[in-house]
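Breakdown of the fold
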Amino acid sequence: MKLATYKDGSRDGQLVVVSRDLSSAHYATGIANRLQQALDDWNFFSPQLHDLYVALNQGKARHAFPFDPAQCMAPLPRAYQWADGSAYLNHVELVRAARQSEVPKSFHSDPLMYQGGSDDFLGPCDDVVVPSESFGIDFEAEIAVITGDVPMGATPEQGLESVRLLMLANDVSLRHLIPDELAKGFGFFQSKPATAFSPVAITPDELGEAWQGGRVHLPLLCTWNGRKVGMCDAGPEMTFHFGQLIAHMAKTRRVRAGSIVGSGTVSNKPIEVEGRREWPKGYSCIAEKRAIETVLDGKPATDYMRFGDTIRIEMKGRDGHSLFGAIDQTIAPLD
C-alpha cells in the first residue's frame, strides 16, 4: 500500500491512503490519524489501511479525492530517529580519491552512519531554505526505510523483517561547512539541515521483484534545473543492504518503531571507454560530480546550487509509473 501525510496546520498532519497510480487519496480517519500511530501498532492498523487501499484502487472508496503532492508533508513529518548510512562505497571512494586519500578497510565490513536531525523534515515540494549560497548547497538522492521495533543485537535478517515502508530522500548537505565540523572529531551537525522525503511511503510489496535482498533494484532519477543528471541504479552496488544498516543501528541499542534509516547517496562505478573512465549513469549529488571532475581533470568544474535552482528526485517502476511520487524542490534564501 501507499501512505502519505497531508498538511493540516499541525506538526504531524493527517494520514492518508494513496492509490497505486498516485491519482487519488482517502483520509485514514477512523483507522489512524497519524502515521506514527499506525507504526506503533502496525499489526493491528496495517490490515485496516490495506483494506482502504484496495477499495481506493477499485474506485469504491466513498470519500476519495485527487491526490496532490504539494499538500504533503514528509510521510513521517517528525521521527524518533533519522540515521543515514553511506551504503554505496563507490561514493565514498570517489570523494576520497579526489582528496587523494584511501578508504579504510573497515568501511567494507562495518557500515558508516550518522545521526541526523529528525524533529523537522521537509515535505516533497517544500523549499530548501538556506541562509547563504556560500555554504555549498548540495542535494543527495537516497532511498530510506521506516522501521518497526528492532531488538538490541538484531541480525540483518531481523533488520529486514522490521522494514515497514520505503521512501525517497533528499539529504541536503552544506558542503563548505562539513570540513570544519568533521575536523572537530564529532560529526555532522550544521552541515546537515532538514531532510526532505517523497510524497508517499510504500510497503515493500509495492516494489515486486525490484525489492531483493534488502535492496531496491531500480534507477533513481535526478533532475537539476530541468536537466537529468542522474540515473543511478540503486540495487547491485549497494554494499550494505537495509537489513545490515538496521542491524548496525541496533548493535548497542533498541530501535523503536518510526525510526528512519537512509541508504546514503546512490552511486555507481565507472566504465572504461577507450582507456578513460566514464560515468554514464550520472550522479546523485554534486559533490560526486565534482570528485569525478577532480579525478579526471585535476579540479572540479561544477558549482554547487544557487538560490532559485530546482531539484527533482523520482523513481519509476518497470512499468514506467512513479512509485513514490517526486521530490520537487527549489533552493530559497532565509527571509
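One can find the structure itself at the top, above this paragraph.
Residues numbered from 1 in each chain as written. Predicted model: local features only at pLDDT ≥ 70, side-chain atom pairs only at ≥ 80, totals over all residues. Heavy atoms only, no water.

1. Some points on the overall build of the protein chain
The line we're drawing: By the criteria applied, helices consist of DSSP H or I runs no shorter than four residues and strands consist of E runs no shorter than two, each listed in order from the N terminus. Atoms counted for the radius of gyration: C-alpha only. Globule rule: 2.2 Å times the number of residues to the power 0.38. The rule is simple: take the accessible area with a 1.4 Å probe, protein chains only, and divide by the maximum for that residue type; under 20% is buried, over 50% is exposed, in between is partly exposed. The criterion used for residue contact is that any of the two residues' heavy atoms lie within 4.5 Å. Neither His nor the chain ends contribute to the count of charged residues, in which Lys and Arg are positive and Asp and Glu negative. Charged groups are reduced to one reference atom each: NZ for lysine, CZ for arginine, CG for aspartic acid, CD for glutamic acid.
When its secondary structure is counted, the protein chain shows seven helices and 22 strands. Here the C-alpha radius of gyration of the protein chain, 19 Å, is about what a compact globule of 335 residues would show, namely 20 Å. Dimensions of the protein chain, computed from C-alpha atoms along their principal axes, come out at roughly 60 × 45 × 40 Å. Within the protein chain, the fraction of its 335 residues that count as buried is 54%. Of the contacts formed within the protein chain by residues at least 6 apart in sequence, a portion of 73% connects residues at least 24 apart. The centroid of the 33 positive side-chain charges in the protein chain is displaced by 2 Å from the centroid of its 42 negative side-chain charges.

2. Some remarks on the packing of aromatic side chains
Worth spelling out the cut-off: Stacked, tilted and edge-to-face pairs are distinguished by plane angle, under 30 degrees for stacked and over 60 for edge-to-face with tilted covering the rest, among Phe, Tyr and Trp rings (Trp via its six-membered ring) whose centres lie within 6.5 Å.
In the structure shown here, the tally under the stated rule is 10 aromatic pairs. For the ring pair Y114 and F188, a centre distance of 5.1 Å and an interplane angle of 80° mean the geometry is edge-to-face. Taken as a pair, Y114 in strand β6 (residues 113-116) and F188 in the loop between α5 (178-183) and β12 (196-197) lie far apart in primary sequence, 74 residues in all. Taking the relative accessible area as the measure of exposure, Y114 reaches 14% and is therefore buried.

3. A look at the side chain of Q36
Using the following cut-off: N or O atoms closer than or at 3.5 Å make up a polar contact, with two conditions inside protein: a donor-capable atom paired with an acceptor-capable one, and, for residues adjacent in sequence, both atoms drawn from side chains.
When you line up the elements, Q36 lands in helix α1 (residues 35-40). Residue classification places Q36 among the buried residues on the basis of a relative accessible area of 13%. Here D40 takes part through its side chain, which lies 2.8 Å from a polar atom of the side chain of Q36. Apart from residues no more than four positions distant in its own chain, Q36 is found in contact with L76, Y80, A257 and G258.

4. Notes on the pattern of salt bridges
The condition that has to hold: By definition, a salt bridge exists where a carboxyl oxygen of Asp or Glu is found within 4 Å of a side-chain nitrogen of Lys or Arg.
In the structure shown here, the tally under the stated rule is 14 salt bridges. Across the pair K192 and E140 runs a salt bridge whose closest N-O atoms are separated by 2.9 Å. Here K192, found in the loop between α5 and β12, pairs with E140, found in the loop between β8 (137-138) and β9 (141-147); they are 52 residues apart in sequence, far enough to count as distant. E140 matches K192 in its accessibility class, with the two residues each being buried. A salt bridge links D328 to R312; the nearest nitrogen and oxygen atoms lie 3.0 Å apart.

5. Details of the sheet that holds strand β16 (residues 219-224)
As a reminder of what qualifies: Should DSSP find at least two bridges between two strands, the strands are taken to pair. Inter-axis angles, ranging from 0 to 180 degrees, are taken between N-to-C directions of lines fitted to C-alpha atoms, where helices are fitted over the stretch in contact.
Here we have five strands laid out as an open sheet, ordered β7-β22-β21-β16-β17, and mixed in their pairing. The open sheet has two edge strands with one neighbour each: β7 (128-130) and β17 (227-233). The mean angle between the axes of side-by-side strands here comes to 20°, regardless of whether they run parallel or antiparallel.

6. A few points about the pairing of strand β22 (residues 327-333)
Relative to β22, β7 runs parallel, the two being bridged by three bridges. Bridging across to β22, V128 finds its partner in I331. Relative to β22, strand β21 (residues 310-314) runs antiparallel, the two sharing four bridges. Bridge assignment links R312 to a residue of β22, and that residue is D328.

7. Focus: the nonpolar core
The cut-off we apply is this: Side-chain atoms within 4.5 Å are what join buried Ala, Val, Leu, Ile, Met, Phe, Trp, Tyr and Cys residues into a set we call a nonpolar core.
Of all hydrophobic cores here, the largest spans 64 residues; its most connected members are F67, F139, L166, L207, M315 and F324. The greatest single-element share of this core, amounting to four residues, is contributed by helix α6 (residues 242-249). Leaving out residues up to four positions away in the same chain, F139 has contacts with N170, C222, W224, V229, Y283, S284, C285, I286, M305 and I311. If you look at the next biggest cluster of nonpolar residues, it comprises 32 residues, including M1, Y53, A144 and F197.

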